[in-house]
Amino acid sequence: MPCELHHPLRVAALLLGASLFACSSEPTGPQSTSNLAEVLNEASLSSLSGFSDIGAVLIAAPVMMPVVASGSPSSCGYDAASQRFVCAPVTSGGITFTRAFTLYDAAGSAQSQFSPTSTASLRTTSHLSGTVASAGSTFTIDNVDEGTVSGLLTGRHVLNGTSTSTTAGTFSGGPRAPTSEAMSNVSVAKIEGLVLPSRANKYPGPGTITADATFSFGTLPATTMHSVVQFTGTRCVTVSIAAPGSAPLIMSIDLSNPSATSCRP
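Reading the values: the criteria
- Residues numbered from 1 in each chain as written.
- Predicted model: local features only at pLDDT ≥ 70, side-chain atom pairs only at ≥ 80, totals over all residues.
- Heavy atoms only, no water.
- Core = buried A, V, L, I, M, F, W, Y, C linked by side-chain atoms within 4.5 Å.
- Buried < 20%, exposed > 50% of the residue type's maximum accessible area, 1.4 Å probe, protein only.
- Helix = DSSP H or I, 4+ residues; strand = E, 2+ residues; numbered from the N terminus.
- Contact = heavy atoms within 4.5 Å.
- pLDDT = per-residue confidence, 0-100.
- Salt bridge = Lys/Arg side-chain N within 4 Å of Asp/Glu carboxyl O.
- Phe/Tyr/Trp six-rings, centres within 6.5 Å; stacked < 30°, edge-to-face > 60°.
- Arc of directions from axis to C-beta.
- Disulfide = S-S within 2.5 Å.
- Pairing = 2+ DSSP bridges.

(A) Focus on the nonpolar core. Within the largest apolar cluster, 29 residues are counted, with the highest numbers of intra-cluster contacts made by Leu 36, Phe 101, Leu 103, Leu 122 and Val 239. For this core, the secondary structure elements donating two or more residues are α2 (36-43), β2 (84-87), β4 (95-105), β9 (180-195), β11 (223-231), β12 (236-242) and β13 (249-254). Top element by residues in this core is α2. It accounts for 4 residues. In contact with Leu 122, other than residues within four places in its own chain, are Leu 36, Val 39, Leu 40, Ala 43, Phe 101, Thr 102, Leu 103, Gly 147, Thr 148, Val 149 and Leu 152.

See the structure below:
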């Protein structure tokens, strides 16, 4: 049974429902992979409905992660010493995005080029950092993602990865609430065994995402949260959000209808 929690956790649950719906409203992902750009997109934790900063999303932090185009694979050169591809940095609006990735065959050996018939997995690391200023608010962001997509030679692509994020700055409510308040958020998210959407099934799962985050705003006490998202491969996703001193809020989200208060397969 859902338990009564304070307002920020309820807002967080609503935000999460909307973000999951955005991720799963259309079929995505190939049955088998013939394009390196597709694989890089699958390996990006930030492509999964904002989960690169899931902690901030779940606690309704008043900042949205900026979207920075990652560039095409053609901008990534192979470095023989490290056996990985290093991509050219991309900077936009004060934010810089860097990425590197390694290709592996079925035996786990690194490859110097992508092949749709022999590349079995891909591991990528990315770093998003810089300062964003908008409407009187200023935030410094530092976000590191690591993700591995396996099963590329099959129709079942699986994502495992981690994301750490730190956001700090001042938030202004705009002309109607011009007073600035200090805000900070530190979060760690982990994706485990998440089967990615495909043409055969537009819903992710099975798989799990867990996140731990600490958020502070103005003079309010810092809030610490632990969240677990369990995917089933159906439109129903179970979400548990807990804060110290409160019973967990457990809810079922319908990916096909995020405004629904429950979901039955």
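(B) Structural detail: the confidence of the model for the protein chain. Mean pLDDT over the protein chain: 78, with 74% of residues reaching 70 or higher. Averaged over each element, pLDDT in the protein chain is lowest for helix α3 (residues 54-58) (41) and highest for strand β5 (residues 110-111) (97). Within the model, pLDDT remains below 50 along residues 49-64, and this stretch shows 61 contacts once partners closer than five positions in the same chain are excluded.

(C) Looking closely at the pattern of salt bridges. Within the structure shown, the criterion is met by 3 salt bridges. Notably, a salt bridge pairs Arg 123 with Glu 146, separated by 3.3 Å at the nearest N-O pair. Highlighted residues: Arg 123 in strand β6 (residues 119-134) and Glu 146 in strand β7 (residues 137-150), separated in sequence by 23 residues. For Glu 146, a relative accessible area of 34% corresponds to the partly exposed category.

(D) Focus on the packing of aromatic side chains. Taken as a whole, this structure holds 3 aromatic pairs when the rule is applied. Here the aromatic rings of Phe 85 and Phe 101 are separated by 4.9 Å at their centres, their planes lie at 10°, and the arrangement is stacked. Taken together, the residues Phe 85 in strand β2 and Phe 101 in strand β4 connect sequence positions 16 residues apart. No difference in accessibility class separates Phe 85 from Phe 101, as the two residues are buried.

(E) Structural context of the environment of Ala 133. Examined against the element boundaries, Ala 133 turns out to sit in strand β6. When the C-alpha positions of Ala 133 and Gly 93 are compared, they lie 8.6 Å apart, and in sequence the two are 40 residues distant.

(F) Local environment of α2. Considered for burial, the residues of α2 that qualify are Leu 36, Val 39, Leu 40, Glu 42 and Ala 43. The buried side chains of α2 occupy one side of the element, clustering within an arc of 160° when seen end-on. Packing partners of the buried residues in α2 comprise β4, β6, β7 and β8 (158-172).

(G) Main features of the state of the cysteines. Overall, the coordinates contain 2 disulfides when judged by the stated rule. Between the sulfur of Cys 236 and that of Cys 263 lies a disulfide, 1.9 Å long from S to S. On the sign convention where negative is left-handed, the bridge of Cys 236 and Cys 263, at about -75° about the S-S bond, is left-handed. With Cys 236 in strand β12 and Cys 263 in the segment after β13, this residue pair connects regions lying 27 residues apart in the sequence. On the basis of relative accessible area, Cys 263 is assigned to the buried category, the value being 11%. Cysteines bonded in the protein chain are numbered consecutively along the chain; their disulfide partners then correspond to 1-2, 3-4.

(H) Molecular detail of the environment of His 127. Its location among the elements puts His 127 in strand β6. Taking the C-alpha atoms as reference points, His 127 and Ser 163, 36 residues apart in sequence, are found 9.9 Å from one another. Aside from chain neighbours lying at most four places away, what touches His 127 is Thr 96, Phe 97, Thr 98, Asp 142, Asn 143 and Val 144.

(I) Representation of the pairing of β7. Alternating positions in β7 separate cleanly, Ser 137, Phe 139, Ile 141, Asn 143, Asp 145, Gly 147 and Val 149 being buried on one face and Thr 138, Thr 140, Asp 142, Val 144, Glu 146, Thr 148 and Ser 150 remaining unburied on the opposite face. Relative to β7, β6 is paired through 14 bridges, and the arrangement is antiparallel. Within β7, the residue paired with Thr 131 across the bridge is Thr 140. Between β6 and β7, which follow one another and run antiparallel, lie 2 residues, and Ala 135 among them has a positive phi close to 50°. As defined by bridge partners, β7 adjoins β8 across 13 bridges and the pair is classed as antiparallel. Along β8, the bridge assignment pairs Thr 140 with Ala 168.

(J) Quick peek at the pairing of β11. Looking at chain direction, strand β10 (residues 207-217) and β11 are connected through 9 bridges and run antiparallel. Its bridge partner lying in β11, Ile 209 is registered against Val 229. Counting the residues in the hairpin turn of β10 and β11 gives 5 residues, including Gly 218, whose phi is positive at 60°. Here 5 bridges tie β11 to β12, and the two strands are oriented antiparallel to one another. The residue bridging His 226 from the neighbouring strand is Ala 242, located in β12. Adjacent in sequence and paired antiparallel, β11 and β12 are bridged by 4 residues, among which Gly 233 carries a positive phi angle near 85°.

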